[in-house]
Amino acid sequence: MKTLKNHIKLVFPSHSENEGLARLAVSGFLAAEGADVSVIAELKTAVSEGVTNAIVHGYRNTHGLVTLEIKLFDSGRAKILIKDKGAGIEDITKAMEPLFTTAPEEERAGLGFAIMQSFCDKLRVRSAPGKGTTLTLEKYIYKR
Ligand SMILES: Nc1ncnc2c1ncn2[C@@H]1O[C@H](COP(=O)(O)OP(=O)(O)O)[C@@H](O)[C@H]1O
Ligand SMILES: [Mg+2]
């Protein structure tokens, strides 16, 4: 996963309508690179979960910037970063448990992390309370 083939960086305010923009950016970038259609669908879904989390949990009761970065390497692996500078996560292991949610009254299913994990080859979560959260998603984008 050494040589960078292509990359984009998108920075947008935490408005819910920008979730659709993030999905379009992912699919546009990956389609232009000839990614497998099912990979595109999976990564769109995973990114939409991550960006939604940044907006609704990271910037709950406040606003801020969300950064979406996609890096494609010569090996065919894509690395996607989703970053917020919001609330952060106190217990990452607990937050990643399927069905765990801190917003049950909003009818959140608590499955965002499970979806991201199942649709990616690798998921890394770095977070600090009061500082924000960075997700790193990795996936091979071509037909296997
Ligand atoms: N970017 C984030 N900033 C702060 N907390 C987050 C963030 N992403 C996830 N979380 C926490 O992790 C929990 C689980 O996330 P997720 O699996 O997507 O379920 P849901 O969004 O349905 O609650 C959330 O309820 C929230 O407490
Ligand atoms: Mg979620």
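It should be emphasised that the depicted structure is a prediction, and the values quoted were computed from it without experimental measurement.

Undergrad: Explain unusual backbone geometry here, please?
TA: Backbone phi values are negative for most residues with the exception of glycine, while trans is the configuration of most peptide bonds. Unusually for a residue other than glycine, asparagine 61 sits at a positive phi of about 60°. Locating asparagine 61 in the fold gives a position in the loop between helix 2 (37-58) and strand 2 (65-73). Backbone geometry at leucine 99 places phi at a positive 80°, although glycine is not the residue there. The residue leucine 99 is located in the loop between helix 3 (92-95) and helix 4 (112-119) in this model. Take leucine 99: its relative accessible area is 61%, and that puts it in the exposed class.

Undergrad: Would you mind showing me how to read the pattern of salt bridges here?
TA: Pairing is possible between side chains of opposite charge, provided their charged atoms come close. Tallied over the full model, the rule gives eight salt bridges. Here glutamate 42 and lysine 139 are joined by a salt bridge, their closest N and O atoms 2.8 Å apart. With glutamate 42 in helix 2 and lysine 139 in strand 5 (residues 132-140), this residue pair connects regions lying 97 residues apart in the sequence. Classification of glutamate 42 by relative accessible area gives partly exposed; the value is 25%. Its relative accessible area of 9% is what places lysine 139 among the buried residues. Of the charged contacts, one joins arginine 108 and glutamate 106 as a salt bridge, the two residues approaching to 3.2 Å between their closest N and O atoms. Residue arginine 108 is classed as partly exposed on the basis of its relative accessible area of 32%. It is possible to trace a salt-bridge network through shared partners that takes in Arg77, Asp121, Glu138 and Arg144.

What counts, and where the lines are drawn
- Residues numbered from 1 in each chain as written.
- Chains lettered and ligands numbered in written order.
- Predicted model: local features only at pLDDT ≥ 70, side-chain atom pairs only at ≥ 80, totals over all residues.
- Heavy atoms only, no water.
- Helix = DSSP H or I, 4+ residues; strand = E, 2+ residues; numbered from the N terminus.
- Buried < 20%, exposed > 50% of the residue type's maximum accessible area, 1.4 Å probe, protein only.
- Salt bridge = Lys/Arg side-chain N within 4 Å of Asp/Glu carboxyl O.

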